[in-house]
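The residues making up each chain are set out below.
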Amino acid sequence: MVDFGYDISNFTDVASIYGTMEDFKDLLDTAHKKDLKVILDFVPNHSSDQHEWFQKSLKKIDPYTDYYVWHEGKKLPNGTVVAPNNWISLFGGSAWTWREERQAYYLHHYVVQQPDLNYSSPALVQQMKDVLKFWLDLGVDGFRVDAVPNLCEDQRFLDEPLSGTTNDPNDYDYTVKIYTKDVPGTYDVVKGWSELLAEYSGDKVMMIEAYTTIPMTMKYYTSGASYPFNFGMVVDLNNQSTAADFKHLIDRWIENMPEGATANWVAGNHDNPRLVSRFGPKARAVTLLTLLLPGVSVTYNGDEIGMEDTPVSWENTKDPEACLAGKNKFAKVTRDPERSPFQWDTTTSAGFSSNPNTWLPINENYKTVNLKTEKKDKDSYYNFYKTIAKLKKMPFLTKANLVTQVLSKNILLISRKTAKDGSVYAILNLGAGQETVNLSSIDKVSRELKVYYASANFDLKPGHRLSSSKRIKVPPYGIAVLIKH
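Residues numbered from 1 in each chain as written. Predicted model: local features only at pLDDT ≥ 70, side-chain atom pairs only at ≥ 80, totals over all residues. Heavy atoms only, no water.

Scanning the protein from terminus to terminus reveals 13 helices and 19 strands. The principal-axis extent of the C-alpha atoms belonging to the protein is close to 80 × 50 × 50 Å. Considering the protein as a whole, with its 485 residues, one finds that 52% of them fall into the buried category. Restricting the contact set of the protein to residue pairs at least 6 apart, pairs at least 24 apart contribute 65%. Split by element, the accessible area of the protein, about 23000 Å² in all, is 50% carbon and sulfur. (Helix = DSSP H or I, 4+ residues; strand = E, 2+ residues; numbered from the N terminus. Buried < 20%, exposed > 50% of the residue type's maximum accessible area, 1.4 Å probe, protein only. Contact = heavy atoms within 4.5 Å. Areas by Shrake-Rupley, 256 points an atom, 1.4 Å probe, with all protein chains shown as cover.)

Dropping the structure here:
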């Protein structure tokens, strides 16, 4: 638990604080009976330094000797041995740590207690396939694969060029990551995993976490992954983004994606501020896009009820990245605010725990922002989410063409339509002013449009029928979904 469990000491067992392997099997069985899929978080880049593999690798006990990235270091003219190069950990400082037992440095892209596994070792490559096979044999439905771009390193161990953006040699941004990120071998590893999953019956999914460029991201599709996460809405958009910004982001993914691949849309995750905190009044528009655009919708726990970041003081900080940054800088990097407990109801600790003191504090707004309360409010974030999500079950949407249009600086139109079966249109006002939209610019055919959903500030109500020649007023940050059958 140095890094919330991402420092894994056993890849084929369940941590005791979460239960037992029998508990997991019960969970899997119950979920499958309810027609739910179970996806596991697979962390292949590193293990804990407490892992048996690392402890044996320290002592050069085969076959574990080369399971990790070791280097004897660089000898200076005066005989001093220093780290082999200037590679930097994502959490700051050198990515190399010396171990006396082995008289060598080991690589760690993350915290010191997370030594990197060595994918230039055939034995390690097979070992990690065996880990996947263990869980697949139990019946899991796939994996979300963590931190993939750092899997492989250039074996020449050369210094990376300086970025020029900072003079601090301990800052991760000090160098340009040409030898430690997106190395070609990474895609070979992913391809090997894809081939393993293909050996199993059923739809086994592999979702890749990769913060990288569009060309490098798209390579995961061609490596056989179900899809690499599309983090565009997380890293490239914010509460100042215009309709043109949104259109560009959507079109960019669709146009670069290989033919026949499945798109996906991610609005938030556990490493970035929450959707509502990032986008403010534009949050519902973003949620609508993730659910209405073609492909897979990825929702971070709590975003479906509109949870916000929870203020977490330095004294209550748990995130290792924030703790390493120190009291003066922790607020800039901490991920604790988006990781506060899910808000179920108005009871103690928002129904998450009977203990009033949880690992991270409960957001003070839990009395109003919670699942139980929102179920009763027709205009709540939860009921909005549920209503839009139902559209994904409309059969024709799987073959509907996508058209994105910018009608003004702040008005974005999303069309999903087919020649015969019907069409869905979403009007999104991404600005703080009222705008007027002529429906003839949405649908040229003079047919009636039915209001499927309209935000509470609209004059329109669900079920209303509109002529396609009508002009409608779109309120600030208003969103509406119209259907034509």
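Inspection of every chain in the model, using the stated rule, returns 28 aromatic pairs. For the pair tryptophan 98 and tyrosine 105, a centre-to-centre distance of 5.1 Å together with 70 degrees between the ring planes defines the contact as edge-to-face. Tryptophan 98 sits in the partly exposed class, given a relative accessible area of 26%. Looking at tyrosine 105, the relative accessible area reads 10%, which means it is buried. Geometrically, the ring pair formed by phenylalanine 229 and phenylalanine 231 is tilted, given 5.6 Å between the ring centres and 35 degrees between the ring planes. Phenylalanine 231 carries the same exposure label as phenylalanine 229, and that label is buried. Through successive ring pairs, a cluster of aromatic residues spans Phe11, Trp53, Tyr64 and Tyr67. Cation over ring: lysine 177 sits above tyrosine 172, and NZ or CZ is 4.0 Å from the ring centre. (Phe/Tyr/Trp six-rings, centres within 6.5 Å; stacked < 30°, edge-to-face > 60°. Lys NZ or Arg CZ within 6 Å of the ring centre and 35° of its normal.)

Attention now moves to the side chain of threonine 175. Among the structural elements, threonine 175 can be located in the loop between strand E7 (142–145) and helix H4 (185–198). Given a relative accessible area of 5%, threonine 175 falls into the buried group. In terms of polar contacts, threonine 175 uses its side chain to reach the side chain of glutamate 160, at 3.5 Å. Each residue touching threonine 175, except ones within four places of it in the same chain, is listed here: Asn86, Ile88, Glu160, Pro161, Leu162 and Ser163. (Polar contact = N/O pair within 3.5 Å; in protein donor to acceptor, adjacent residues only side chain to side chain.)

Here we have 6 strands laid out as an open sheet, ordered E12-E13-E14-E19-E16-E17, and antiparallel in their pairing. Edge positions in the open sheet fall to strand E12 (401–406) and strand E17 (465–466), since each of these has one partner strand only. The pairing of strand E14 (residues 423–429) with strand E19 (residues 479–484) spans 6 bridges and is antiparallel. Bridge assignment links leucine 428 to a residue of E19, and that residue is isoleucine 479. Lying over the sheet, helix H7 (residues 243–256) contacts E12 and strand E13 (411–417), oriented at roughly 150 degrees with respect to E12. (Pairing = 2+ DSSP bridges. Axes fitted to C-alpha atoms, helices over the stretch in contact; angles between N-to-C directions.)

Burial analysis of E14 places 7 of its 7 residues in the buried class, the great majority of the element. Burial along E14 is two-sided: Ser423, Tyr425, Ile427 and Asn429 facing one way and Val424, Ala426 and Leu428 facing the other are all buried. With 7 bridges connecting them, E13 and E14 associate as antiparallel partners. From the neighbouring strand, isoleucine 411 faces E14, where its bridge partner is asparagine 429. The hairpin turn running from E13 into E14, its antiparallel successor, is 5 residues long, and glycine 422 in that turn takes a positive phi close to 135 degrees.

No statement about biological role is implied by the geometric values presented.
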